[in-house]
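Now for the letters of each chain:
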Amino acid sequence: MRTTKDFLRFASIAALLLAGSCAAPTNDGTGFTTDPMANHPIMVEPNYHTIKLPFSPADAGLMPEDAAHFSVFVEEYLSSGNGAISITAPAGGNANAAIGYFGERLASLGVPRDRILVGTKPGDGDGRVEIGYVGYKSHVDGC
């Protein structure tokens, strides 16, 4: 029959083994540390999120499937984006119409107008408008 004392001994040994399994040498090499912040620092990295969508003023903007992708993308920006969201349209006759269309759609979905950046790029042949934002992703390396 096991006693409470035996259980406490086992628990103490298990805790010691678990704590030591992620220990790392200290910077000066004199010993080990079990400080989780020193052993496993939180790494934060920027991630650029982008979506490219076709735009045609003759077709009144976006096709329904593209509109759904756009709405999901904007929801992700609102929940995890940081800073501004950009609209980059191919230079040419439809650039102003595309920028106006996407700017109004972003504003109607809840993006503050002062966070919408606009610009043009040289036409690359596909005529798609690029919407993008920077988000940050954090991770911790394992033991």
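A.B. asks: Residues and numbers for the overall build of the protein, please.
C.D. replies: From N to C terminus, the protein includes 4 helices and 6 strands. Taken from N to C terminus, the helices and strands of the protein fall in the order α-β-β-α-β-α-β-α-β-β. Each of the 143 residues in the protein was classed as buried or not, and the buried ones make up 24%. Accessible area of the protein: about 9,600 Å², with a carbon and sulfur share of 58%.

A.B. asks: Explain the sheet that holds strand β3 (residues 42–54) to me, using residue names and the numbers behind them.
C.D. replies: The 4 strands are arranged β3-β6-β4-β5 in an open sheet whose pairing can be described as mixed. For this open sheet the edge positions go to β3 and β5 (116–121), each flanked by a neighbour on one side alone. Averaged over all neighbouring strand pairs, the angle between strand axes comes to 25°, with direction disregarded. As paired elements, strand β4 (residues 81–90) and strand β6 (residues 128–140) share 6 bridges and run antiparallel to each other. Of the residues in β6, the one forming a bridge with Ser86 is Gly132. With respect to the sheet, helix α3 (residues 64–80) is in contact with β3, β4 and β6, its orientation differing from that of β4 by roughly 150°. Its contacts with the sheet place helix α4 (residues 95–108) against β3, β4, β5 and β6, and it is angled at close to 155° to β4.

A.B. asks: Help me get a handle on the nonpolar core, residues and values and all.
C.D. replies: Phe70, Ile85, Ile87, Phe102, Leu106, Val129 and Ile131 are the most contacted members of the largest nonpolar core, which has 22 residues in total. Of all elements in the fold, only β3, α3, β4, α4 and β6 reach the threshold of two or more residues within this core. When neighbours within four sequence positions are excluded, Phe70 is seen to be in contact with Ile51, Leu53, Leu62, Phe102, Arg105, Leu106, Leu109 and Ile131.

Rules and cut-offs
- For every chain, the first residue of its written sequence is number 1, and the numbers climb from 1 along that sequence.
- Thresholds applied to this predicted model are a pLDDT of at least 70 for local features of residues and 80 or more for the giving and counting of side-chain atom pairs; totals over whole chains, interfaces and linings are not thresholded and use all residues.
- Side-chain measures were taken over the full set of non-hydrogen atoms in the model, leaving aside hydrogen atoms and water.
- Secondary structure is summarised from DSSP: a helix means a run of H or I of at least four residues, a strand means a run of E of at least two, and numbering begins at the N terminus for each.
- The buried label applies to any residue whose accessible area, calculated with a 1.4 Å probe on protein chains only, is under 20% of its type's maximum; exposed applies above 50%, and partly exposed to all values in between.
- Residue burial considers only the protein chains on display, and all accessible areas are found by Shrake-Rupley using a 1.4 Å probe.
- For two strands to be treated as a pair, DSSP must find at least two bridges joining them.
- Simply put, an axis is a line fit to the C-alpha atoms, just over the touching stretch for a helix, and the angle between two N-to-C directions goes from 0 to 180 degrees.
- Residue contacts are counted whenever heavy atoms from the two residues lie within 4.5 Å of one another.
- To define a nonpolar core, start from buried Ala, Val, Leu, Ile, Met, Phe, Trp, Tyr and Cys residues and group those joined through side-chain atoms within 4.5 Å.

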